[in-house]
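Architecture at a glance
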Amino acid sequence: MNPEQFIQQTLTDIKVKLEGEFKENFTRKAFFDEKWKTPKFSNSRGSVMLRSGNLRNSIISKIQGNSIAFSSSMPYAEIHNNGGEITITSKMKKYFWAKHIEAKNAKKHTISEQWKALALKKVGDTIKIEKRQFIGHHDKTDATIKEIINHNLEELKKEMDKLIRRK
């Protein structure tokens, strides 16, 4: 294994491991050990971040030179990962009313009232989205990277020892 192969193998190993860990954050309902706040607006369909699995499944990683980029194609990924505020539009109000009627018809009173409260907000009002980070830097990412580098260095050392012994 030459130095370039070592680097590419190490980057690939880190990419695969961290992408898996970032997806696992949805099961943990936390950014590693930092639990996500439970939203005021919720229902009994499990974690607010794992209803359909679309956000978790949209996480991709790409090796770019000697670095790795992690991202999501979902338009709402950034606001969930970083938190922030969104402004209510008339289209959102229509959606909230539709969800209110759907929940009311399903006899889910509490959920119906939550959607109604959102639907009654004015266009231009804001809704705060709590930060529920799932991708990014953490002590655990550093530890994973170090562990992989050390493991791959040991494997490289073994290969080099074999080559030296043959000569």
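The present account deals with the structure reproduced in this document. Nothing here was measured: the structure is a model prediction, and the numbers come from that model. (Residues numbered from 1 in each chain as written. Predicted model: local features only at pLDDT ≥ 70, side-chain atom pairs only at ≥ 80, totals over all residues. Heavy atoms only, no water.)

Topic: the nonpolar core
If you look at the biggest cluster of nonpolar residues, it comprises 14 residues, and the most contacted ones within it are F22, F26, W36, M49, L55, I59 and F134. A per-element tally of this core places helix 1 (residues 3-28) first, with 4 residues. Sequence-distant contacts of I59, that is, excluding residues within four places in its chain, are made with E19, F22, K23, F26, S71, F134 and I135. Listed in part, the 9 residues of the second largest apolar core include I88, I111, A119 and I129. (Core = buried A, V, L, I, M, F, W, Y, C linked by side-chain atoms within 4.5 Å. Buried < 20%, exposed > 50% of the residue type's maximum accessible area, 1.4 Å probe, protein only. Helix = DSSP H or I, 4+ residues; strand = E, 2+ residues; numbered from the N terminus. Contact = heavy atoms within 4.5 Å.)

Structural notes on the pattern of salt bridges
Summed over all chains, the structure comprises 7 salt bridges. Across the salt bridge formed by E102 and K99, the nearest N and O atoms sit 3.2 Å from each other. Residue E102 and its partner K99 are located together in helix 4 (residues 90-105), separated by 3 residues, close to a single helical turn. On the basis of relative accessible area, E102 is assigned to the partly exposed category, the value being 48%. Residue classification places K99 among the buried residues on the basis of a relative accessible area of 18%. Between E155 and K158 there is a salt bridge, with its nearest N and O atoms 3.5 Å apart. Of the two residues, E155 and K158 both sit in helix 6 (residues 139-166), 3 residues apart, roughly one turn of that helix. (Salt bridge = Lys/Arg side-chain N within 4 Å of Asp/Glu carboxyl O.)

Points about the environment of S58
Tracing the backbone through its elements, the reader meets S58 in the loop between helix 2 (54-57) and strand 3 (59-64). Its relative accessible area of 8% is what places S58 among the buried residues. As a C-alpha pair, S58 and A77 span 19 residues in sequence and 9.0 Å in three-dimensional space. Look past the residues within four positions of S58 in its chain and what remains in contact with it is S71, S72, S73 and M74.

A look at the pairing of strand 3
Examined bridge by bridge, strand 3 and strand 4 (residues 67-72) share 6 bridges and lie antiparallel to one another. The residue bridging S61 from the neighbouring strand is F70, located in strand 4. A loop of 2 residues connects strand 3 with strand 4, the two strands running antiparallel in sequence, and G65 in this loop sits at a positive phi of about 70 degrees. (Pairing = 2+ DSSP bridges.)

Observations concerning the packing of helix 1 against helix 6
For the pair helix 1 and helix 6, the least separation of the axes is 10 Å and the interaxial angle reads 145 degrees. Here the hand of the crossing between helix 1 and helix 6 comes out right-handed. For the pair helix 1 and helix 6, contact is made by F6, Q9, T10, D13, I14, K17, L18 and F22 and by T141, T144, I145, I148, I149, N152, L153 and L156, respectively. When the residues that make up the contact of helix 1 with helix 6 are grouped by side-chain class, the tally is 9 nonpolar, 5 polar and 2 charged. (Axes fitted to C-alpha atoms, helices over the stretch in contact; angles between N-to-C directions. Left-handed = near helix turned anticlockwise from the far one by under 90°. Nonpolar A, V, L, I, M, F, W, Y, C, P; charged D, E, K, R; others polar.)

What to know about the packing of aromatic side chains
Aromatic rings considered in pairs are described by the distance between their centres and by the relative angle of their planes. A full pass over the atoms with the stated rule returns 8 aromatic pairs. An angle of 85 degrees between the planes, with centres 5.7 Å apart, marks the rings of Y95 and W115 as edge-to-face. Of the two residues, Y95 sits in helix 4 while W115 sits in helix 5 (residues 109-119), which places them 20 residues apart along the sequence. Centroid distance F96 to W115: 5.9 Å. Interplanar angle 35 degrees. Geometry classified as tilted. Remark: W115 occurs in helix 5 and F96 occurs in helix 4; sequence separation between them is 19 residues. Neither residue differs from the other here; F96 and W115 are each classed as buried. (Phe/Tyr/Trp six-rings, centres within 6.5 Å; stacked < 30°, edge-to-face > 60°.)

Overview of helix 6
For helix 6, spanning 28 residues, the distance from its first C-alpha to its last is 41 Å, which sits close to the expected 40 Å at 1.5 Å a residue. On its buried face, helix 6 sits against helix 1. (Expected span 1.5 Å × (residues − 1).)

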